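Structural overview for review
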Amino acid sequence: MAGPGAAPPRLALAVAALAALVAVKYYRDGEAARQQELALKSLGSEGLFLFSSLDTNNDLYLSPEEFKPIAEKLTGVAPASELEEEETPDPSGETLSVVAKFQPLVMETMTKSKDGFLGISHVALSGLRNWTAPAAPMSTMLARQFKAFLPPKNKLELGDPWWIIPSELNIFTGYLSNNRFYPPPPKGKEIIIHKLLSMFHPRPFVKTRFAPQGAVACIQAISTFYYTIAFRIHAEFQLNEPPRFPFWFSPGQFTGHIILSKDSSHVREFKLFVPNNRSLNVDMEWLYGASESSNMEVDIGYLPQMELESTGPSVPSVIHDENGNVIDSRDPSGEPIQFVFEEITWQREIPWEEAARKLEVAMYPFKKQLPRRFLSEVGSGRTLRETVLESSPILALLNESFVSSWSLVKELEELQSNSENEFYSKLAALHLEKYTFPVEMIICLPNGTVVHHINANYFLDITSMKPEDVESSIFSFSSNFEDPSTATYLQFLKEGLQRAKPYLQT
């Protein structure tokens, strides 16, 4: 029997359980820190940095799957594809009609157009100029082919992303070659995406040359028999063929949604498109030679429309009566039989904006938004996104102290000239004041005060120099990193935080 003032047995038990949980968490955190310290001591900073880039689940162990990029790099042999074998869809299953809508790139939006494309041969841009319509305005596909969009069994929560086509790029594999004309044969889940993109142009590459590569999806809505799946695809097109040199056309993204039954036998709705809400939405690169070292031109432009949309729900290709006999798909008057579809009642759903945001963060982990003290307005081009912004130490610091984004100069200029919103106009002016072509990396406070900045060309120049040749007062290389660009960018961020301190203390 408990004495006076003693805690009730249940309360005491609860307190003991809570204390045990705290102790376990404390032990695990301590053990993780100890393992990290041992790894650092064993591998050194350079080795740990490389190890972390492969250790995708951060458990400090490399599984055979995580080690695969190293094996392929050292042996030069890629194992047979482990993708699911493509099922042969039932030809008597339902079919979906998809239409393509395309408006060509507005040539006047390219920066090279400002000087009348001076110095650029007509041949180099011929593939772009001649692409004025979709390769296949309409296509009929089997509904079962869209099975690739269904979620895996461990990804059935709303907004929980998974990879339809996982990226195969990391610091060991490097980038894929620029000097290519014809896509590799698609495999597994790549097949349906390749088929869809081929409606626009005959040479789509479902895996981009540069990161972030692949296709990601998440569940946006769930009903008893259906999913709405939101997706984002990074793919590009090769517009030229020999004897011309390669011309790469890379939309910022393809996004969209599909409503399909959980057994993939029926597709209620499908839409895929390149967002056109930004003033520029396509990267272009073309070579002036037949090797990787050849000179390359780059530009950016605006594509008004590039979309695929189903004309209606998928319908049976063969119709049976109640006795199982095949009947004509047209009524006695010759008109196609009209199908009536049940209304879908969604049990759970999230807004499109939330789903799109989840997909964006899956593609760009550094854009994870949490309350932060500083705003990092990084007008970063692809070079940064594929190198330093793929680095684990950089991502850790960005997630801890920054909100990351990038802006187009044209959009900042429009904001600056907007007299209706003085605050945005001032923010844009502060950034443009520091901008130098082509890309400026800027660290600023939430009120727009710029505390640090560096031009991308200068950044690339100093990271290609030997450490002893770099002025110590500028961005010094850290001996803790093998990769000079990562070390220099990390130093840039740390200096930005240091320079911001006086503003926070006032």
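Just so it is clear, the model here is predicted, and its values are computed rather than measured. (Residues numbered from 1 in each chain as written. Predicted model: local features only at pLDDT ≥ 70, side-chain atom pairs only at ≥ 80, totals over all residues. Heavy atoms only, no water.)

Our next topic: the overall build of the protein. Helix and strand counts for the protein come out as 11 helices and 21 strands. Counting only contacts in the protein whose residues sit at least 6 apart along the sequence, the fraction spanning at least 24 positions is 69%. When the accessible surface of the protein is split by element, carbon and sulfur atoms take 56% of a total near 27500 Å². (Helix = DSSP H or I, 4+ residues; strand = E, 2+ residues; numbered from the N terminus. Contact = heavy atoms within 4.5 Å. Areas by Shrake-Rupley, 256 points an atom, 1.4 Å probe, with all protein chains shown as cover.)

Through backbone hydrogen bonds, the strands of a sheet pair up, either in parallel or in antiparallel fashion. Taken in spatial order, the 5 strands make up an open sheet running E4-E7-E8-E11-E12, and their pairing is antiparallel. Looking at the sheet topology across the chains shown, the edges are occupied by strand E4 (204-205) and strand E12 (296-301). Of the strand pairs in this sheet, strand E8 (residues 247-251) and strand E11 (residues 282-287) are connected by 5 bridges, and their pairing is antiparallel. The residue bridging phenylalanine 247 from the neighbouring strand is tryptophan 286, located in E11. (Pairing = 2+ DSSP bridges.)

Of the consecutive residues alanine 211 and proline 212, the connecting peptide bond is found in the cis state with omega at -5°. Within the fold, proline 212 resides in the loop between E4 and strand E5 (214-222). Residue proline 243 follows proline 242 across a cis peptide bond; omega there is 10°. Summarising the element assignment, proline 243 is placed in the loop between strand E7 (236-238) and E8.

Once that is clear, we can look at the pairing of strand E1 (residues 94-103). Two strands pair when backbone bridges link them, and E1 and strand E14 (residues 315-316) are joined in this way by 2 bridges, in the antiparallel orientation. Of the residues in E14, the one forming a bridge with glutamate 94 is proline 316. In this sheet, strand E2 (residues 138-142) lies alongside E1 in antiparallel orientation, the contact comprising 5 bridges. Bridge assignment links threonine 95 to a residue of E2, and that residue is leucine 142.

The next subject is the pattern of salt bridges. This model, assessed by the stated rule, comprises 13 salt bridges. The shortest N-O distance in the salt bridge between arginine 203 and glutamate 241 comes to 3.4 Å. Residue arginine 203 is located in the loop between helix H4 (190-197) and E4, and its partner glutamate 241 is located in the loop between E7 and E8; the two are separated by 38 residues in the primary sequence. With relative accessibility at 35%, the residue glutamate 241 sits in the partly exposed group. Look at the salt bridges and you will find they share partners, linking Lys112, Glu297 and Asp299 into a network. (Salt bridge = Lys/Arg side-chain N within 4 Å of Asp/Glu carboxyl O. Buried < 20%, exposed > 50% of the residue type's maximum accessible area, 1.4 Å probe, protein only.)

By secondary structure assignment, the location of asparagine 277 is in the loop between strand E10 (267-273) and E11. Taking the C-alpha atoms as reference points, asparagine 277 and proline 304, separated by 27 residues in sequence, lie 9.0 Å from one another.

With that settled, the discussion passes to the packing of aromatic side chains. Scanning the model with the defined rule gives 15 aromatic pairs in all. Residues phenylalanine 102 and tryptophan 131 carry aromatic rings whose centres are separated by 4.7 Å and whose planes lie at 25° to one another, so their mutual orientation is stacked. Taken together, the residues phenylalanine 102 in strand E1 and tryptophan 131 in the loop between helix H3 (126-130) and E2 connect sequence positions 29 residues apart. For the pair phenylalanine 102 and tryptophan 131, a shared accessibility class is recorded, and that class is buried. Between phenylalanine 231 and phenylalanine 270, the ring centres sit 5.9 Å apart and the planes meet at 15°, which makes this aromatic pair stacked. Placement of the pair is phenylalanine 231 in strand E6 (residues 226-234) and phenylalanine 270 in strand E10, with a sequence separation of 39 residues. The pair formed by phenylalanine 231 and phenylalanine 270 is uniform in burial state, with each residue classed as buried. Above the ring of phenylalanine 117, the side-chain terminus of arginine 129 is found at 5.2 Å from the ring centroid. Positioned above the aromatic ring of phenylalanine 273 is the side chain of lysine 271, whose terminal nitrogen or guanidinium carbon lies 5.6 Å from the ring centre. (Phe/Tyr/Trp six-rings, centres within 6.5 Å; stacked < 30°, edge-to-face > 60°. Lys NZ or Arg CZ within 6 Å of the ring centre and 35° of its normal.)

Once that is clear, we can look at the nonpolar core. Residues Phe146, Phe149, Ile193, Phe200, Phe249, Phe254 and Phe270 are the most contacted members of the largest nonpolar core, which totals 55 residues. In this view, phenylalanine 270 contacts Leu96, Phe146, Phe149, Leu196, Phe231, His257, Ile258, Leu308, Glu309 and Ser310; residues no more than four positions away in its chain are not counted. (Core = buried A, V, L, I, M, F, W, Y, C linked by side-chain atoms within 4.5 Å.)

With that settled, the discussion passes to the side chain of arginine 232. Its place among the elements puts arginine 232 in strand E6. Although buried, arginine 232 forms no salt bridge, and the nearest oppositely charged side chain, glutamate 360, lies 4.8 Å from it. For arginine 232, the side chain forms a polar contact with the side chain of histidine 234, separated by 3.0 Å. Ignoring sequence-local partners within four residues, the contact set of arginine 232 consists of Gly214, Ala215, Val216, Gly252, Gln253, Phe254, Thr255, Leu359, Glu360, Met363 and Tyr364. (Lys, Arg positive; Asp, Glu negative; His and termini not counted. Polar contact = N/O pair within 3.5 Å; in protein donor to acceptor, adjacent residues only side chain to side chain.)

Look at helix H9 (residues 422-434): 19 Å from first C-alpha to last across 13 residues, which is about the 18 Å you get at 1.5 Å a residue. What H9 keeps buried is the set Ser425, Leu427, Ala428, His431 and Leu432. Looking straight down H9, one finds its buried side chains confined to an arc of 160°; they lie on one side. Seen from the buried face of H9, the exposed residues on the opposite side, beyond 90 degrees, are Glu422, Lys426 and Glu433. Two to three positions downstream of the cap, the backbone nitrogen of phenylalanine 423 sits 3.3 Å from a side-chain oxygen, assigning the N-cap of H9 to asparagine 421. (Expected span 1.5 Å × (residues − 1). Arc of directions from axis to C-beta.)

Further remarks concern the environment of proline 202. If you trace the backbone, proline 202 turns up in the loop between H4 and E4. In this structure proline 202 comes out as exposed when scored by relative accessible area, which is 51%. Distance from proline 202 to proline 134, taken between C-alpha atoms, is 9.3 Å for residues 68 residues apart in sequence.

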